Amino acid sequence: MFDIIIKLQISIFDNERVRKVPRIKFQTLTEQMFYILLCLMDECCGMDIMEKVKQMTEERVSVGPGTLYNLLENFLEAGMIRETKVEGRKRSYIITESGQDALKTEYQRLLRLASDYQTVTGKGGQDR
Amino acid sequence: MKDVKYRLEIFSFYDHTGIVQHLEKMALKGWLFIGRNALCWKYRRMEPRQVHFAVTYFPGASEFDPEPSEEQQIFKEFCEKEGWQYISSVAQMQIFMNEQEEPVPIETDALLQVENMHQAMKKNYLVGQYLLLGVGVLQMALFLYRMLSDPIGLFSSNANLFSVSCWLVVLLVCAVELISYYRWRSRALKAAEVDRSILATRGNQKIQWILLIFVLAVFIGYLLPLLGSWESIVVGISLACVTVLMVLVHLIKYILKKLRASAVVNRTVTIASCFVLSFVIMGSMMHVFLRMAMNGVFDREPVETYEYNGWTWDVYMDELPLTLEDMMDDIDREKYSYQRRTEESLLMAKFEGSQRGKMTEPGLPDLKYEIIKIKTPILYKMCLNQLIRKYSDPDTMPPGAGYSLLELEAQNWNAEKVYQRYSDGIPMDWYIICMDDKIIDLVCYWENVTDDQREIMGEKLSVL
């Protein structure tokens, strides 16, 4: 009888079916997403990524701990990173091929932007 | 001087900006937020200084978790890496504190923050608001139905007005909360998509405080006139039962948490016990009140009683503004019961008076009247229509008769308008008398009411 009650899972006031992490589209990567994936080109503990990003960008880019936690969950779900090690609560990750593709696509997009900038400023910028 | 204080704080669940600003202001005044219980937020005295707070939302958290989940622990450790210490939580809302001068915010991605918050809100807050809104709408619909069908009964009772006020407040609060949240979400998503900026929230604290004070004022206004009467005891017992119910349900949840029952078990047992305890406590309370009413505990003591046809009949000798003795000579008071009842609210007063002959004395003239004093002119027509409908209703008389109301000469009655009920063209001695701010529903149980008697009735009843 108690098992039946437990299995009923009255979820009106605490809906377990709600996604725990919001789904974010990864067509265009934000700076924070880009640098997190870049850090994970080498195996890295999740918590250390915040410091690594700061060092990599000379403190220009900061990733909040809440944002980092959520993005790691999103990347895991999207298959862009995978867990390599679990030591207690410390989890290490590394980028997957899918993640590398996304990173490369973003890099090429940024190169195109830079190239377009040089084209415009190189020809017309000096004259102005 | 106290080192700890408790405060009742009212914040919208999504108003993280407001909460942070308030907690940081309290810290600058020398009070550090250290946690909360079911009702109040707890502060500890400290040296006034700048402390940073952050409110974030963890959709995976639950009010029923025996302890923070593994995922929550990991989340906390992430935050601790940047100096954010966990202080307290309200369901999915997590509150952190940081003593560094310029800490990295917990949330640095606007779109992620908005979506995260929405997941947390969907988990129980939004569901709860929609349910309450639905119940509030239903209550207002019932109120409107009653206002159209029985405005006299509705507006002459302070208890009804108090109940309507409470449900109106619930409806307003839920509507304002939902509209504010979805407006903020829409603007926050646009801001996040355009320039990735995090939009501050704006809660409805002022409105909620005003509405809370309004409800308390209405409650005091309802309770004060009742002090000393049986009704105040009934209200007190009802409040006590509701309090006991809430305490018991929270206690069950707390015990299950201490016993480390899973969130699923805790939630199921707590909600089930809430239903069961509601039925048991409220059902017992109603049963007791009904038994007391049937035993005449709430009734006034009659002057005497007598037996007739196996029943016990009460006799009262209340003061009445109009009696048969005012209109007839040979009335023996010993053969009658004089009874009055009054009910009054801010909007309306209802006075019922009746002079009825004892059942052991058949054939005596009887008199019954209801005086409705309307304090709010806008309700006058509604109340009059109710009485007109009542007298036109064939269910109040044997079937087959045709009923109508005809207007009489009002001068005889010292009134503005008078209607008399007719049945198949035959006048009955049932009248509706319309005066300036009163409507009188009068029934004369004797034949041939004279003009003099009408004048006396109009004069006597108009001064009440």
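Residues numbered from 1 in each chain as written. Chains lettered and ligands numbered in written order. Predicted model: local features only at pLDDT ≥ 70, side-chain atom pairs only at ≥ 80, totals over all residues. Heavy atoms only, no water.

## What to know about the overall build of chain A
Phase 1 of the analysis: Scanning chain A from N- to C-terminus turns up five helices and three strands.
Phase 2 of the analysis: Taking all 128 residues of chain A together, the buried fraction comes to 42%.
Phase 3 of the analysis: If you take every contact in chain A between residues at least 6 apart in sequence, the share linking residues at least 24 apart comes to 55%.
Phase 4 of the analysis: Of the roughly 7900 Å² of accessible surface on chain A, 51% is carried by carbon and sulfur atoms. (Helix = DSSP H or I, 4+ residues; strand = E, 2+ residues; numbered from the N terminus. Buried < 20%, exposed > 50% of the residue type's maximum accessible area, 1.4 Å probe, protein only. Contact = heavy atoms within 4.5 Å. Areas by Shrake-Rupley, 256 points an atom, 1.4 Å probe, with all protein chains shown as cover.)

## Topic: helix α7 (residues 230-258) of chain B
All names here are of chain B.
Phase 1 of the analysis: The first and last C-alpha atoms of α7 sit 42 Å apart over 29 residues, in line with the 42 Å expected at 1.5 Å per residue.
Phase 2 of the analysis: The complete set of buried residues in α7 reads Ser232, Val235, Cys241, Leu245, Val249, Lys253 and Leu256.
Phase 3 of the analysis: Elements in contact with the buried residues of α7: α6 (205-223) and α8 (263-294).
Phase 4 of the analysis: Remark: arginine 260 follows α7 within two positions and exhibits a positive phi of approximately 60°. (Expected span 1.5 Å × (residues − 1).)

## Here we look at helix α2 (residues 70-81) of chain B
Phase 1 of the analysis: End to end, α2 of chain B covers 17 Å across 12 residues, agreeing with the expected 16 Å (1.5 Å per residue, within 8%).
Phase 2 of the analysis: Every buried residue of α2 of chain B is accounted for by Gln72, Ile74, Phe75, Lys76, Phe78 and Cys79 of chain B.
Phase 3 of the analysis: The inward-facing, buried residues of α2 of chain B abut α3 (49-56), α4 (65-78) and β3 (90-95) of chain A together with β4 (52-57), β5 (85-90) and β6 (93-98) of chain B.
Phase 4 of the analysis: One or two residues past the end of α2 of chain B sits glycine 83 of chain B, with phi positive at roughly 90°.

## Here we look at the packing of α7 of chain B against α8 of chain B
All names here are of chain B.
Phase 1 of the analysis: Interhelical geometry of α7 versus α8 gives an angle of 160° and a closest axis separation of 10 Å. In terms of orientation, α7 and α8 fall into the roughly antiparallel class. The two elements α7 and α8 meet at a crossing, and its hand is right-handed.
Phase 2 of the analysis: Its residues assigned to classes, the contact of α7 with α8 shows 19 nonpolar, five polar and two charged. (Axes fitted to C-alpha atoms, helices over the stretch in contact; angles between N-to-C directions. Parallel < 35°, antiparallel > 145°, perpendicular 65-115°, else oblique. Left-handed = near helix turned anticlockwise from the far one by under 90°. Nonpolar A, V, L, I, M, F, W, Y, C, P; charged D, E, K, R; others polar.)

## Focus on the sheet that holds strand β1 (residues 44-45) of chain A
Residues and elements named next belong to chain A.
Phase 1 of the analysis: Spatially, the three strands line up as an open sheet ordered β1-β3-β2, and their pairing is antiparallel. In this open sheet, the two edge strands, each paired with only one partner strand, are β1 and β2 (81-87).
Phase 2 of the analysis: Pairing of β2 with β3 involves six bridges; the strand directions are antiparallel. Among the inter-strand pairings, glutamate 87 is bridged to a residue of β3, identified as lysine 90.
Phase 3 of the analysis: Each of β2 and β3 touches α4; the most contacted strand, β2, lies at about 120° to it. (Pairing = 2+ DSSP bridges.)

## Section: a nonpolar patch on the surface
Phase 1 of the analysis: On the surface, a nonpolar cluster with roughly 560 Å² of combined accessible area is contributed by Val244, Leu248, Leu251, Tyr254, Ile255 and Leu259 of chain B.
Phase 2 of the analysis: Its location among the elements puts tyrosine 254 of chain B in helix α7. (Patch = residues over 30% accessible without salt bridge, like charges linked within 9 Å, V, L, I, M, F, W, Y side chains within 5 Å. Salt bridge = Lys/Arg side-chain N within 4 Å of Asp/Glu carboxyl O.)

## Thoughts on the packing of aromatic side chains
Phase 1 of the analysis: Enumeration over the complete set of coordinates arrives at 21 aromatic pairs over all chains.
Phase 2 of the analysis: On the basis of an interplanar angle of 45° and a centroid distance of 5.7 Å, the ring pair of tyrosine 69 of chain A and phenylalanine 58 of chain B is categorised as tilted. In this pair, tyrosine 69 of chain A is assigned in helix α4 and phenylalanine 58 of chain B in the loop between β4 and α2, connecting two distinct chains.
Phase 3 of the analysis: For phenylalanine 58 of chain B, a relative accessible area of 7% gives the class buried.
Phase 4 of the analysis: When the ring of phenylalanine 75 of chain B is compared with that of phenylalanine 96 of chain B, the centres are 6.1 Å apart and the planes differ by 65°; the resulting orientation is edge-to-face. With phenylalanine 75 of chain B in helix α2 and phenylalanine 96 of chain B in strand β6, this residue pair connects regions lying 21 residues apart in the sequence. When sorted by exposure, phenylalanine 75 of chain B lands in the same class as phenylalanine 96 of chain B, which is buried.
Phase 5 of the analysis: Residue placement shows lysine 76 of chain B over the ring face of tyrosine 86 of chain B; its charged tip is 3.7 Å from the ring centre.
Phase 6 of the analysis: Its guanidinium or amino end placed over the ring of tyrosine 338 of chain B, arginine 333 of chain B lies 4.3 Å from that ring's centre, counting from NZ or CZ. (Phe/Tyr/Trp six-rings, centres within 6.5 Å; stacked < 30°, edge-to-face > 60°. Lys NZ or Arg CZ within 6 Å of the ring centre and 35° of its normal.)

## A few points about the confidence of the model for chain A
Phase 1 of the analysis: Scored by pLDDT, chain A comes out at a mean of 81, with 75% of its residues at no less than 70.
Phase 2 of the analysis: In this model, residues 1-23 of chain A is a region of pLDDT below 50 whose contacts with residues beyond four sequence positions or in other chains number 51 contacts. (pLDDT = per-residue confidence, 0-100.)

## Description of the nonpolar core
Phase 1 of the analysis: Counting residues in hydrophobic clusters, the biggest one holds 38 residues, and the most contacted among them are Ile36, Leu37, Leu40, Ile49, Leu68, Leu72 and Phe75 of chain A.
Phase 2 of the analysis: Broken down by element, this core gets its largest block of residues, six residues, from helix α2 (residues 31-39) of chain A.
Phase 3 of the analysis: Contacts of isoleucine 49 of chain A, omitting those with residues within four sequence positions, involve Ile36, Cys39, Leu40, Cys44, Leu68 and Leu72 of chain A.
Phase 4 of the analysis: In this structure, Phe13, Leu23, Tyr125 and Leu126 of chain B belong to the second largest nonpolar core, which totals 37 residues. (Core = buried A, V, L, I, M, F, W, Y, C linked by side-chain atoms within 4.5 Å.)

## Brief notes about the side chain of asparagine 266 of chain B
Residues and elements named next belong to chain B.
Phase 1 of the analysis: Checked against the element boundaries, asparagine 266 lands in helix α8.
Phase 2 of the analysis: Among the polar contacts made by the side chain of asparagine 266, one reaches the main-chain carbonyl oxygen of lysine 253 at a distance of 3.3 Å.
Phase 3 of the analysis: With sequence-adjacent residues up to four places away left out, asparagine 266 is seen in contact with Phe64, Lys253, Leu256 and Lys257. (Polar contact = N/O pair within 3.5 Å; in protein donor to acceptor, adjacent residues only side chain to side chain.)

## Focus: the packing of helix α3 (residues 110-149) of chain B against helix α5 (residues 158-195) of chain B
The axes of two packed helices give the description: the angle between them and the distance between them.
Residues and elements named next belong to chain B.
Phase 1 of the analysis: Two elements in contact, α3 and α5, have axes whose closest approach is 8 Å; the angle formed by their N-to-C orientations is 150°. As summarised for this structure, α3 and α5 are arranged roughly antiparallel, according to the angle between their axes. Like other packed secondary-structure pairs, α3 and α5 cross with a definite hand, here left-handed.
Phase 2 of the analysis: Classifying every residue of the contact of α3 with α5 by side-chain character gives 29 nonpolar, five polar and five charged.

## A look at the sheet that holds β5 of chain B
Residue and element names in this part refer to chain B.
Phase 1 of the analysis: Read across the open sheet, the three strands follow the order β4-β6-β5; overall the sheet is antiparallel. Edge positions in the sheet fall to β4 and β5, since each of these pairs with one other strand and no more. Neighbouring strand axes in the sheet, compared pairwise and without regard to direction, differ in orientation by 25° on average.
Phase 2 of the analysis: Relative to β6, β5 is paired through five bridges, and the arrangement is antiparallel.

## Quick notes on the pairing of strand β14 (residues 426-434) of chain B
Residues and elements named next belong to chain B.
Phase 1 of the analysis: Of all the nine residues making up β14, seven are buried; the element is thus mostly covered by neighbouring parts of the structure.
Phase 2 of the analysis: Summarising the sheet, strand β13 (residues 417-423) and β14 pair through six bridges and their orientation is antiparallel. Directly across from serine 423, in β14, lies its bridge partner isoleucine 426.
Phase 3 of the analysis: Taking the residues between adjacent antiparallel strands as the criterion, β13 and β14 are bridged by two residues, where aspartate 424 takes a positive phi near 50°.
Phase 4 of the analysis: Count of turn residues in the β14/strand β15 (residues 438-445) antiparallel hairpin: three residues.

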